[in-house]
Amino acid sequence: MENKIGIYRTVSKASDGILYKDRKSKFYAYTFPVTNEKNIKPIIENIRKKHPTANHVCYAWKIGIEKQRHRANDDGEPTNSAGAPIYGQIKSFGLTNVVIAVARIFGGTKLGVGGLISAYRTAAQLALESSSIIEKSVKVNYKLCFSYPLLSKVMRVIKQNPIEIITQEMSLDCIIEISVKLRDVAQTENIIKSIHGVSISKLDD
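Conventions used here
Residues numbered from 1 in each chain as written. Predicted model: local features only at pLDDT ≥ 70, side-chain atom pairs only at ≥ 80, totals over all residues. Heavy atoms only, no water. Helix = DSSP H or I, 4+ residues; strand = E, 2+ residues; numbered from the N terminus. Rg over C-alpha atoms; globule rule 2.2 N^0.38 Å. Buried < 20%, exposed > 50% of the residue type's maximum accessible area, 1.4 Å probe, protein only. Contact = heavy atoms within 4.5 Å. Areas by Shrake-Rupley, 256 points an atom, 1.4 Å probe, with all protein chains shown as cover. Phe/Tyr/Trp six-rings, centres within 6.5 Å; stacked < 30°, edge-to-face > 60°. Core = buried A, V, L, I, M, F, W, Y, C linked by side-chain atoms within 4.5 Å. Polar contact = N/O pair within 3.5 Å; in protein donor to acceptor, adjacent residues only side chain to side chain. Pairing = 2+ DSSP bridges. Axes fitted to C-alpha atoms, helices over the stretch in contact; angles between N-to-C directions. Left-handed = near helix turned anticlockwise from the far one by under 90°.

1. A few points about the overall build of the protein chain
Helix and strand counts for the protein chain come out as five helices and 11 strands. Computed over its C-alpha atoms, the radius of gyration of the protein chain comes to 22 Å, more than 25% above the 17 Å expected for a compact globule of 205 residues. The buried share of the protein chain, taken over its 205 residues, is 43%. Restricting the contact set of the protein chain to residue pairs at least 6 apart, pairs at least 24 apart contribute 69%. Accessible surface, the protein chain as shown: approximately 11,500 Å² in total, 49% of it carbon and sulfur.

Written out as structure tokens, the structure reads:
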């Protein structure tokens, strides 16, 4: 599923989780929106606390819009039998900025590699189907610097165009950070650059 230009798909909020059973093994699957890799470890740790009897907490994530990163973790299950099929569902649904975690409580019957792949894939699929999936606009952030006498002109331009103010510092020298949808970038840059005395620079993500 290809993303439209300037638009990406993700989950709107953390899911309540679903339970999938296969030959007495229980698979508890959850989805979470995430934009920073450092936030993933606490999510997985919380799931381990929520399911203290789980033998494995396997997961996969994908982060980024233009520069995407991903990882799949089998957490002790046979290689590529858990994290990979979970990640496969992230790709199948065309999502990014998401992590899916599946806690497995062993039921006494070994499923085999094929059975594990099927179970983790199904659990991830059911978790996504029960999640709220939304489309979000890719945004680009800028910093505007200018002297105070230009403030009214700059604010008028911002108000008349699809520009969102993130932060603002008003003194003799003003600094305003703005956010613009990807589709409006060229138009916004041209408008701001046409105001003599205003510098505009793109902020890193």
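2. Observations regarding the packing of aromatic side chains
Inspection of every chain in the model, using the stated rule, returns three aromatic pairs. Consider the rings of Y20 and F27, whose centres lie 6.3 Å apart with planes at 45°: the pair is tilted. Judged by its relative accessible area of 0%, F27 falls in the buried class. Joined through ring pairs, the aromatic side chains of Y20, F27 and Y120 make up one cluster.

3. Comments concerning the nonpolar core
In this structure, F27, I86, I90, L95, I100, V102 and Y120 are the most contacted members of the largest nonpolar core, which totals 24 residues. Among the secondary structure elements, those contributing two or more residues to this core are β2 (18-22), β3 (25-33), β4 (56-63), α2 (83-92), β6 (98-105) and α3 (112-129). Ranked by the residues each element gives to this core, the list is headed by α3, at seven residues. Within the second largest apolar cluster, 19 residues are counted, among which are F146, L150, V154 and V198.

4. Looking at the side chain of T31
Mapped onto the elements, T31 comes out in strand β3. A residue is classified by how much of its surface remains accessible, and T31, at 0% relative accessible area, is buried. Within the structure, the side chain of T31 is placed 2.7 Å from the side chain of S131, a separation counted as a polar contact. Ignoring sequence-local partners within four residues, the contact set of T31 consists of V11, K13, A14, S15, V99, I100, A127, L128 and S131.

5. What about the pairing of β4?
With eight of its eight residues buried, β4 lies for the most part within the structure. Both faces of β4 are covered, namely the face carrying H56, C58, A60 and K62 and the face carrying V57, Y59, W61 and I63. In terms of strand pairing, β4 meets β6 through seven bridges, oriented antiparallel. Counted as the bridge partner of V57 is A103 from β6. In terms of strand pairing, β4 meets strand β5 (residues 69-73) through five bridges, oriented antiparallel. Note on β5: the bridge partner recorded for K62 is H70.

6. Here we look at unusual backbone geometry
Peptide bonds are mostly trans, and most non-glycine residues show a negative phi. Positioned with a positive phi, R23 is a non-glycine residue whose angle comes to about 45°. Inspection of the secondary structure puts R23 in the loop between β2 and β3. The backbone of N97 sits at a positive phi, close to 55°, despite the residue not being glycine. Within the secondary structure, N97 is located in the loop between α2 and β6. Note on N97: relative accessible area 9%, which makes it buried.

7. Brief notes about the packing of α2 against α3
Between α2 and α3, the shortest axis-to-axis distance is 8 Å and the interhelical angle comes to 35°. Here α2 runs over α3; the crossing is right-handed. On α3, the residues that touch P85, I86, Q89 and I90 of α2 are I117, Y120, R121, A124, Q125 and L128.

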